[in-house]
Amino acid sequence: MENTLDNVRSQMRKGLLEYCILSILDKREAYASVIIEELKSVGMIVVEGTLYPLLIRQKNQGLLAYRWEESTQGPPRKYYVLTDKGREQLAQMDAAWNELVESIQTLKK
Amino acid sequence: MKKVLNISLGNRTFTLEEDAYARLSEYLKHFRTRLAGTDGVPNAQNAEVMEDLEARIAELFLQEVGTEGRVVRLDLVERVTRQLGMPDGTPEDADGANGSAGASTSTFTGTVPKRLYRDYDNRRIGGVCAGLAVYLDIDVVVMRVLMLVALLFGTVGFWIYVICWIALPNAVTPAQKCDMYGYPITAENLARFAKSQYK
């Protein structure tokens, strides 16, 4: 029982992860570690490895772009930014999310 | 004392102990395999993912060892790989690890000449018999019985043992253990011994 519950929860998180990434980058551009920190602080990811394939995929879909920025300590960092297409997608996801929440609330009434 | 290797990771140089290096290569290999297995991501994309991943590993190493040339040890690699996990969020050794371990035992055994060491892990006294047994590919028990018989026939056996004890190096590092068993020194083989040492 516990296993299936865990499974459902991780599936839910996984489905929302791309939405989360776009939301974080909507506030400000960030490099991977910052995105990871934020996702971890709200318990959206357990291991970091899951994030990298998503970032690259979203970049290749044209939702994100990145630029290199010099860092005071260490090599240049890859800063991810939201593109216009990404912003558009985020708006659609926001709508879809609100719809979902509403649906569930209606069902529970 | 351990051998170290210099590697470049995310445009930085790091010094890794041998077993830490073996573990890290193994991890990266598992990650890459798993990446290829998930949702059909094209290959060019995978290369980018690996690049980002390596940059992150470099960052985490840097936080721990600082810039003053400290060495990356196995426990740090273990910690970092646990934190990073696999691309699909499942445990690393769920299936990919088993597959590659099976492959390595079949392909990477007995292709280079063995070297004679004392096998301290399986020692009774000084590991001489255990080492000889590995070298001659016979059972340790047979080797020990032979040695006891030699002892019964005067002191020759005793002196052989003492000389071997003094003359033979002890197989301590994963690389020496590979040598002892005649395995080529590959990341997988090193990792195999590194793990047994770590536990």
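Model, not experiment: these values are computed from the prediction. (Residues numbered from 1 in each chain as written. Chains lettered and ligands numbered in written order. Predicted model: local features only at pLDDT ≥ 70, side-chain atom pairs only at ≥ 80, totals over all residues. Heavy atoms only, no water.)

Enquirer: Honestly, the nonpolar core in this entry has me stumped. Any pointers?
Expert: It is characteristic of soluble globular proteins that their nonpolar side chains tend to be buried jointly. In this structure, L39(A), F14(B), L24(B), L53(B), I57(B) and F61(B) are the most contacted members of the largest nonpolar core, which totals 50 residues. Ranked by the residues each element gives to this core, the list is headed by helix 2 (residues 43–65) of chain B, at nine residues. Core analysis: the second largest hydrophobic core is formed by nine residues, L132(B), M143(B), C164(B) and L168(B) among them. (Core = buried A, V, L, I, M, F, W, Y, C linked by side-chain atoms within 4.5 Å. Buried < 20%, exposed > 50% of the residue type's maximum accessible area, 1.4 Å probe, protein only. Helix = DSSP H or I, 4+ residues; strand = E, 2+ residues; numbered from the N terminus.)

Enquirer: Explain the packing of aromatic side chains to me, please; I cannot follow it from the model alone.
Expert: Within a pair of aromatic rings, the relevant descriptors are the distance that separates the centres and the angle that separates the planes. Counted according to the given criterion, the structure contains nine aromatic pairs over all chains. Considering the side-chain rings of Y27(B) and F31(B), the 6.0 Å spacing of their centres and the 55 degrees angle between planes classify their relative orientation as tilted. Placement of the pair is Y27(B) and F31(B) together in helix 1 (residues 18–37), with a separation of four residues, close to one helical turn. In this pair, the class of Y27(B) matches that of F31(B), namely buried. When the centroid spacing of 5.8 Å and the interplanar angle of 20 degrees are considered together, the rings of Y181(B) and Y183(B) count as stacked. Taken together, the aromatic side chains of Y66(A), W68(A) and Y80(A) make up a single cluster linked through ring pairs. One Lys or Arg, R67(A), reaches over the ring of Y79(A) and ends 5.5 Å from the middle of that ring. (Phe/Tyr/Trp six-rings, centres within 6.5 Å; stacked < 30°, edge-to-face > 60°. Lys NZ or Arg CZ within 6 Å of the ring centre and 35° of its normal.)

Enquirer: Would you mind going over the layout of surface pockets with me for this structure?
Expert: The volume enclosed by the largest pocket comes to roughly 590 Å³. Forming the walls of the largest pocket are 25 residues, and the residues nearest its centre are P75(A), P76(A), R77(A), A55(B) and R56(B). Considering every element that reaches the lining of the largest pocket, the biggest residue donor is helix 2 of chain B, with nine residues. Counted by class, the lining of the largest pocket contains eleven nonpolar, six polar and eight charged residues. (1 Å grid on protein atoms, 1.4 Å probe; cavity = no way out; pocket = protein on both sides within 12 Å on 5 of 7 lines; lining within 4 Å. Points joined across faces, edges and corners; volume = space filled by probe spheres on them. Nonpolar A, V, L, I, M, F, W, Y, C, P; charged D, E, K, R; others polar.)

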